[in-house]
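# Structural overview for review
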Amino acid sequence: MIGYAFMGAAHSHAWRTAPRFFDLPLAPRMTALAGRDPERVAAAATKLGWDSSETDWRRLIERDDIDLIDICVPGNLHAEIAIAALEAGKHVLCEKPLANSVEEAERMTAAAEAAKARGAFAMCGFSYRRTPALSLAKRLVESGALGPIRHVRAQYLQDWLTDENAPLTWRLDKSKSGSGSLGDIGAHIIDAAQWVAGSNVTGVSAMLETFVKERPVGGDFVGLGGHGGTDGPKGAVTVDDAAMFTARFDDGAVGVFEATRFALGRKNAMRVELNGTKASLAFDFEDMNSLWFYDSADEPNAGFRRIQVTEPEHPYTGNWWPVGHGLGYEHAFTHQVVDLVGAIANGEQPTPSFADALRVQRVLAAVEASAADESRWTAV
């Protein structure tokens, strides 16, 4: 694995945990962790459960005892690492968004297609797909329970940047992150909406906004943000703070999307709602073990009913706790490992593939183009 901060810790937990709760066809071995600082990466390897550490990611690709590369670094590094790993015959798990541009994502997808022909597979880490309630939503749509979809409504609301003196992290630097709330969290709701609905966005009209143009370059870094100094130097914020767009889907549905890190009081409100001709469903990650469902065949005033997604027949949940004992954020990453390892063992393409992630990248690019052109309707 390359990188050991927020996503690195989440992925490490998943690699450790998956074989202890699921009967995997292959046994993952956490061989090596890579990072730039030798002392910090060695300490992280010990803490997170890796056998060894490296300070150059290229060494991981050269090693014969490593079969899979897990990429948990900023987006500007994804393409170089993933392409090199795939060309060396390694399987690849790459965090989202796939890249910082469509051109990079296209090259990564081409490398993945070529590697697949040689038996090496690539997957992009849109982990919310593995939340049991959202997986159940996908299952209901596929069963025809909603009928044709008319509306898709998706939001991702956080508030960790509302402090104007929060420090200037790499997530606020376009050269490293590619975009702000759009790519960081908007990519998740684009993927989730397309995946659950079973259709793709074909065009958008968008608006991007940066509320705080400058931030302290130093300070106390805590979690994703922290507390910057009020009297020190500041640097320019080069990404969006909020992204909003309307959309059309290839099956005729219309959509509304919003992603922001300035919604005070909303900590991780990743929401998807679909309205069909027969039924509706709604999901909110802040209540992640629940799925809300309304069937028009029910008594008209009944409204939505809550499905507590903890039954053994629900996606993934049978391998965990007794009924009613909910899961958490980290479990989606464990399920991601389960699905990836199973696909590799079966010689099958894991999903979402790099081609799936490229479709999300094209939507991100269309949103940016529309916002830069006075919200003009822009085809994906």
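For the structure itself, consult the block above.
Residues numbered from 1 in each chain as written. Predicted model: local features only at pLDDT ≥ 70, side-chain atom pairs only at ≥ 80, totals over all residues. Heavy atoms only, no water.

As a volume, the second largest pocket reaches approximately 460 Å³. Every residue lining the second largest pocket is counted, 20 residues in all, and those nearest its centre are Trp15, Pro28, Arg29, Asp67 and Leu68. Among the elements of the structure, β3 (68-71) and α9 (329-346) are those that each provide at least two residues to the lining of the second largest pocket. Ranked by residue count, the leading element in the lining of the second largest pocket is β3, at three residues. Considered class by class, the residues forming the lining of the second largest pocket number 14 nonpolar, two polar and four charged. (1 Å grid on protein atoms, 1.4 Å probe; cavity = no way out; pocket = protein on both sides within 12 Å on 5 of 7 lines; lining within 4 Å. Points joined across faces, edges and corners; volume = space filled by probe spheres on them. Helix = DSSP H or I, 4+ residues; strand = E, 2+ residues; numbered from the N terminus. Nonpolar A, V, L, I, M, F, W, Y, C, P; charged D, E, K, R; others polar.)

Before going further, it helps to spend a moment on the sheet that holds strand β5 (residues 122-125). Within the open sheet, the three strands sit side by side as β3-β4-β5. Their pairing is parallel. Strand pairing shows two members of the sheet lacking a second neighbour, β3 and β5, which therefore form its edges. Across the sheet, the mean angle from the axis of one strand to that of its neighbour is 10°, orientation sign disregarded. Sheet topology note: the β3/strand β4 (residues 91-95) ladder contains four bridges and is parallel. Within β4, the position partnered with isoleucine 69 by the bridge is valine 92. (Pairing = 2+ DSSP bridges. Axes fitted to C-alpha atoms, helices over the stretch in contact; angles between N-to-C directions.)

Strand order in the open sheet made by the nine strands is β17-β16-β15-β14-β6-β13-β12-β7-β18, with mixed pairing throughout. In this open sheet, the two edge strands, each paired with only one partner strand, are β17 (305-308) and β18 (378-379). As defined by bridge partners, strand β6 (residues 149-157) adjoins strand β13 (residues 254-260) across seven bridges and the pair is classed as parallel. Its bridge partner lying in β13, histidine 151 is registered against valine 254. Its contacts with the sheet place helix α6 (residues 132-143) against β14 (269-276), β15 (279-284), β16 (290-295) and β17, and it is angled at close to 25° to β16. The strands that helix α10 (residues 354-372) touches are β7 (201-209), β12 (242-249) and β18; relative to β7, the one it contacts most, it runs at about 50°. (Contact = heavy atoms within 4.5 Å.)

Relative orientation of the contacting elements helix α4 (residues 78-87) and helix α5 (residues 102-116) amounts to 15°, with a least axis distance of 9 Å. Taken as axis vectors, α4 and α5 run roughly parallel relative to one another. Considering the relative orientation of α4 and α5, their crossing is left-handed. Along the contact surface, α4 presents His78, Ala79, Ala82, Ile83 and Leu86, while α5 presents Glu104, Arg107, Met108, Ala111, Ala112 and Ala115. For the contact of α4 with α5, the class distribution of residues is eight nonpolar, one polar and two charged. (Parallel < 35°, antiparallel > 145°, perpendicular 65-115°, else oblique. Left-handed = near helix turned anticlockwise from the far one by under 90°.)

On to the pattern of salt bridges. Taken as a whole and judged by the stated rule, the model has 25 salt bridges. Linking aspartate 191 and arginine 129 is a salt bridge whose minimum nitrogen-to-oxygen distance equals 2.9 Å. Taken together, the residues span a long stretch of sequence, with aspartate 191 in helix α8 (residues 181-197) and arginine 129 in the loop between β5 and α6 at a distance of 62 residues. Of the charged contacts, one joins lysine 174 and glutamate 368 as a salt bridge, the two residues approaching to 2.9 Å between their closest N and O atoms. Separated by 194 residues along the polypeptide, lysine 174 in helix α7 (residues 174-177) and glutamate 368 in helix α10 bring together distant segments of the chain. Its relative accessible area of 37% is what places lysine 174 among the partly exposed residues. Classification of glutamate 368 as partly exposed rests on a relative accessible area of 29%. (Salt bridge = Lys/Arg side-chain N within 4 Å of Asp/Glu carboxyl O. Buried < 20%, exposed > 50% of the residue type's maximum accessible area, 1.4 Å probe, protein only.)

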